[in-house]
Amino acid sequence: IMSAQIISGKEVSAQVRERLKKDVEQMKVKNPSFSPGLVVLQVGDRDDSNLYISMKLKAAAEIGITATHMRLPKTATEDEVLHSIKEVNENSSVHGLIVQLPLDSIHKIDTERVTNAVAPEKDVDGLTSINAGKLSRGDLGDCFIPCTPNGCMELIKQTGVSVAGKRAVVIGRSKIVGAPMHDLLLWSHATVTTCHSKTADLAGEVGRADILVVGIGKAEMVKGEWIKKGAVVIDCGINHVPDDSRPSGKRVVGDVHYASAKEQAGFITPVPGGVGPMTVAMLMANTVLSAKRFLESHQAGKWNISYTKLNLQKPVPSSDIVISRSCVPKPIDHFATEVGLLSDEVELFGTTKAKVRLNIIQRLQAQPDGKYVVVTGITPTPLGEGKSTTTVGLVQAMGAHMKLNVFACVRQPSQGPTFGIKGGAAGGGYSQVIPMEEFNLHLTGDIHAITAANNLVAAAVDARMFHESTQSDKALYNRLVPLSGGERKFSPIQINRLRKLGIEKTDPSSLTEEEVTRFSRLDIDPSTVTWQRVLDTNDRFLRKITIGQSPTEKGYTREAQFDITVASEIMAVLALTTSLEDMRQRLARMVVATSRSGQPITTEDLGVSGALTVLMKDAIKPNLMQTLEGNPVFVHAGPFANIAHGNSSILADKIALKLVGPEGYVVTEAGFGADIGMEKFFNIKCRYSGLRPHVVVLVATVRALKMHGGGPTVTAGMPLPKEYIDENLQLLEKGCSNMKKQIQNAQHFGVPVVVAVNAFKTDTEAELALVCSIAKAAGAFDAVRCTHWAEGGAGAVALGQAVQRASEAPSNFRFLYDLELPITDKIRTIAQKIYGADDIELLPEAQQKVERYSKQGFGSLPVCMAKTHLSLSHEADRKGVPTGFVLPIRDIRASAGAGFLFPLVGTMPTIPGLPTRPCFYDIDLDPETEQVNGLF
């Protein structure tokens, strides 16, 4: 008689492992920073569990899976076990989680509850009710199959026997072997009988089986004579029986009597060396499968996004907040996953706002960026051009209507003007960021964090001058390095200061008297303090104040001022930083004053830079919101556009460019006209970010161009003069000179320009056509009229298509000036090429600063011009394209932390005032619904 063919689990599992190893190598080729992750959670310290776990960890390491053994002590409670599982569920770098059973705890733990706490998509043991339910219903492609039955199926496949139509018998109905084995055979189209302890004629049932799978834990219970001739026999049992011939006194046998069964069966698995090795191999296969599924569902740029349908009203409601309210925002946690964010990369603030953690940058670092578009405008007029509205409208068009992945990146507005003259700013009409009241009020508190950090520096400056002026060197030193537990110790920030002074010592008692003086005295000259206090409120009475008038300050009064928070250098640092580490360094480099010997004094010298980083640690995370049509928006940082660079953050742009994927678009907006916001976007922001823009969108309106052509002035609250309402092609053509100059300004940087003519209902067909034809003649890639204010994204589809075409045109980006040029030459280049000035004139104060900053090593910083935004020249009332002027430079200041010098052209109010009738007259809260009313 022929004896059965032996099915070796060792051989089959080795083949499976080899295949998995190749799969993992392939994954890593495509995603270099990726690795499949497995966690084995163990409670207690059972020897048998330790043995199984070490086998699993060894197999994982061979295949290239990052496996972690999480051990909880015997004293762990059910809650502690559930908490550990929740942590692993939320960790996106783990794709498989096994809870090693039995749970060896001194407390009672509900195993079923613990097993079901594992996220089904990480349940590589296939033991959750969800995975078991999917298996029993035949959803094999969408679940994890328990490892032992899965291994048995692999072994059956090796025999070449086809399962379909065969009679299969499974003995045992446990959750881990019998029950899932029955389901697997059934969905492989066998006719399946499950036998168990209550089965009447076990031998008779076994005798009918073409395929027999046994898993009952009873040594050698199934006898060879029961088995049908030529059957496939799979033995899952592991039992120890006494055997005096073995050193251990026992040997391992299965549930089938092997010697007699081998004579009947056609194929049989040995014990050990049969099903055992397969179980671990299939566990690895499930982990690799889970990692594959994760990668497939999280490909960069693979969005599963639904857009919100607009319910357009004609005429458009006069209040933006009414429109904002008419749209129900998508819940932000769900929305974040739509655009490819993982749950552990998002921090929720209520249901409509979230912060995005910077760890996403590492996950997506190998991904290619999308296309980068900057929206700018002609020189602004009091009539407004609608840059923000166009930014949002364009994003709504490209996303909801053209079905491209697209992100808007906008600045966070200051709260000051919200209650002052301007009302809210979030776009307008049917192109806005929602909810508008969240966007315009506190958002997630970033501006408040800047206020706190900025004023901590201001307090530190004055306190330091006060303490230095009232104490001897020794007393000062002893207080700066106090006794603690009988010894003095420098803090890390103080060691940085010693190094800067060239003192390489770490023992406070070893400093010479001269070193003690140099270390302790910053010796700030009060007349050189450039650091001001800030507040995010329009308050004109803080423009010039006297501080230190209380008797406790012993007469150390000085003149000072408040700026609005968004004018703080810390805001510019936030906008230009590229990482937490980089922000720490920039905050440390901020110069607050000069010492009497002419040395710049930084926040690091004051010892406050570490605390500033702590205050700013959450503000550095971009804020996620959405447009009316459900497109993603990052709202992050909002530096002043004249004394700073007026652009939203580099970090938001970088993250967005990775999230949209190589076929997607990121649309960001630069403050004021192209001569200011766009010039700074290119020369400052793009220099620090290393990003290269593909397209400039230049926004213009017929009425603003008419004003540049010499139209009458407009007074707020008075009806518009007829020139702006009636057709007037002559006035319009004259005003188009400003648009032509701004197109030319963009062309200095080698990037194609698309002009967006933001249409108002009073504009005539002939007027719109004239602007478009002049723009194209002036060298614009295209010029398109848009009606997104009234129609949402549908009104900007033509603009979206033009931007898409322009982004594929050749672009040859270049900076306007070289950083190594002398400071004066950099200023002159901007004045002549961008503003059209004949030359510049440095006033004495500015001349001194050029010399001081060159000497202090700030000469190679980029230049950020602080000039009026209402004219290309320094005189706000000169519209169109002024010529024949010399640009006067009154003074130059340094933002050494943010990384630019800002020349002052004329005087700049750095904190606005309130008008006679501020917006706050209209703002109120409905106590019933908690709705904000009147916010514009």
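Predicted model only: the values in this text are computed from it and were never measured.

This paragraph deals with the domain arrangement of the chain. We note that the domain assignment places domain 1 (5-290), domain 2 (320-444 + 618-808), domain 3 (447-616) and domain 4 (823-904) within the chain. Averaged C-alpha coordinates put domain 1 and domain 4 at centres separated by 74 Å.

Okay, the packing of aromatic side chains next. Inspection of the entire model under this criterion finds 15 aromatic pairs. Arranged with centres 6.1 Å apart and planes meeting at 80 degrees, the rings of Trp303 and Phe407 form a pair that is edge-to-face. Taken together, the residues Trp303 in the loop between helix 10 (275-297) and helix 11 (320-326) and Phe407 in strand 15 (residues 406-410) connect sequence positions 104 residues apart. Like Phe407, Trp303 is buried. Note on Tyr372 and Phe681: the rings are 5.6 Å apart at their centroids and 55 degrees apart in plane angle, and the pair reads as tilted. Highlighted residues: Tyr372 in strand 14 (residues 371-377) and Phe681 in helix 26 (residues 674-689), separated in sequence by 309 residues. An identical accessibility class is assigned to Tyr372 and Phe681; each is buried. Among the aromatic side chains, those forming a connected cluster through ring pairs are Tyr372, Phe681, Phe682, Phe749, Phe813 and Phe815. The ring of Phe144 is capped by Arg293, whose NZ or CZ atom sits 4.7 Å from the centre of that ring.

Now for the UniProt feature "domain: Tetrahydrofolate dehydrogenase/cyclohydrolase NAD(P)-binding" (unreviewed entry) in the chain. Cross-referencing UniProt, the feature "domain: Tetrahydrofolate dehydrogenase/cyclohydrolase NAD(P)-binding" (unreviewed entry) maps to residues 146-293 in the present numbering. Across residues 146-293, the secondary structure splits into 37% helix and 19% strand, with the terminal C-alpha atoms separated by 17 Å.

Burial of strand 5 (residues 167-171) is extensive: four of the five residues sit out of reach of the surface. Examined bridge by bridge, strand 5 and strand 6 (residues 191-195) share five bridges and lie parallel to one another. Opposite Arg167, over in strand 6, you have Thr191 as the bridge partner. Handedness of the crossover joining strand 5 and strand 6 through helix 7 (residues 178-187): right-handed. Sheet analysis places strand 5 next to strand 7 (residues 211-214), joined by four bridges and oriented parallel. Along strand 7, the bridge assignment pairs Val170 with Val213.

Let's shift gears to the sheet that holds strand 4 (residues 96-99). Hydrogen bonds between backbone atoms are what pair the strands of a sheet, whose relative direction is either parallel or antiparallel. The sheet built from three strands is open, its strands ordered 3-2-4 with parallel pairing. The open sheet is flanked by strand 3 (66-72) and strand 4, the only strands paired with a single partner. Here the average twist between neighbouring strands, direction ignored, is 15 degrees. Relative to strand 3, strand 2 (residues 37-43) runs parallel, the two being bridged by seven bridges. If you follow Gln42 over to strand 3, its bridge partner there is Arg71.

By the element assignment, Ile601 lies in strand 25 (residues 600-602). Taking the C-alpha atoms as reference points, Ile601 and Asp525, separated by 76 residues in sequence, lie 10.0 Å from one another. For Ile601, the contacting residues outside a window of four places in its chain are Leu522, Ile524, Met590, Val591, Val592, Ala593, Thr594 and Ser595.

Right, let's get into the UniProt feature "domain: Tetrahydrofolate dehydrogenase/cyclohydrolase catalytic" (unreviewed entry) in the chain. Per the UniProt record, the feature "domain: Tetrahydrofolate dehydrogenase/cyclohydrolase catalytic" (unreviewed entry) sits at residues 7-125. The distance from the first to the last C-alpha atom of residues 7-125 is 24 Å, and the span holds 49% helix and 15% strand.

Taken in spatial order, the six strands line up as 1-11-8-7-5-6 in an open sheet, and their pairing is parallel. Looking at the sheet topology across the chains shown, the edges are occupied by strand 1 (5-6) and strand 6. Sheet strands touched by helix 6 (residues 147-159): strand 7, strand 8 (232-235) and strand 11 (267-268). Its angle to strand 8, the strand with the most contacts, is close to 155 degrees. Sitting on the sheet, helix 7 touches strand 5, strand 6 and strand 7, and the angle it makes with strand 5 is about 170 degrees.

Put simply, helix 5 (residues 129-137) and helix 7 touch, their axes get as near as 8 Å, and they point 35 degrees apart. Note on element contacts: helix 7 touches helix 5 through Pro180, Asp183, Leu184 and Trp187, opposite Leu135, Ser136 and Arg137. Its residues assigned to classes, the contact of helix 5 with helix 7 shows four nonpolar, one polar and two charged.

So, about the pattern of salt bridges. Counting across every chain of the model gives 50 salt bridges. Here Glu559 ties to Lys544 by a salt bridge, and the two come within 3.6 Å at their closest N and O atoms. One end of the pair, Glu559, is in strand 22 (residues 558-560); the other, Lys544, is in the loop between strand 20 (533-535) and strand 21 (545-547), and 15 residues separate them in sequence. According to the relative accessible area criterion, Glu559 is exposed, its value standing at 53%. On the basis of relative accessibility, which here comes to 60%, the residue Lys544 falls in the exposed class. Note that Asp675 and Lys867 form a salt bridge whose closest N and O atoms lie 3.2 Å from each other. With Asp675 in helix 26 and Lys867 in the loop between helix 33 (844-856) and strand 33 (886-889), this residue pair connects regions lying 192 residues apart in the sequence. For the residue pair Asp675 and Lys867, the accessibility class agrees, reading buried in each case. The network of salt bridges with shared partners includes Glu347, Arg357, Lys617, Asp618 and Lys621.

Calculation notes
- Residues numbered from 1 in each chain as written.
- Predicted model: local features only at pLDDT ≥ 70, side-chain atom pairs only at ≥ 80, totals over all residues.
- Heavy atoms only, no water.
- Domains from an automatic or database assignment.
- Phe/Tyr/Trp six-rings, centres within 6.5 Å; stacked < 30°, edge-to-face > 60°.
- Helix = DSSP H or I, 4+ residues; strand = E, 2+ residues; numbered from the N terminus.
- Buried < 20%, exposed > 50% of the residue type's maximum accessible area, 1.4 Å probe, protein only.
- Lys NZ or Arg CZ within 6 Å of the ring centre and 35° of its normal.
- UniProt positions renumbered as here; feature names shortened; annotations may be inferred.
- Pairing = 2+ DSSP bridges.
- Right-handed = clockwise from strand over helix to strand, strands pointing away.
- Axes fitted to C-alpha atoms, helices over the stretch in contact; angles between N-to-C directions.
- Contact = heavy atoms within 4.5 Å.
- Nonpolar A, V, L, I, M, F, W, Y, C, P; charged D, E, K, R; others polar.
- Salt bridge = Lys/Arg side-chain N within 4 Å of Asp/Glu carboxyl O.

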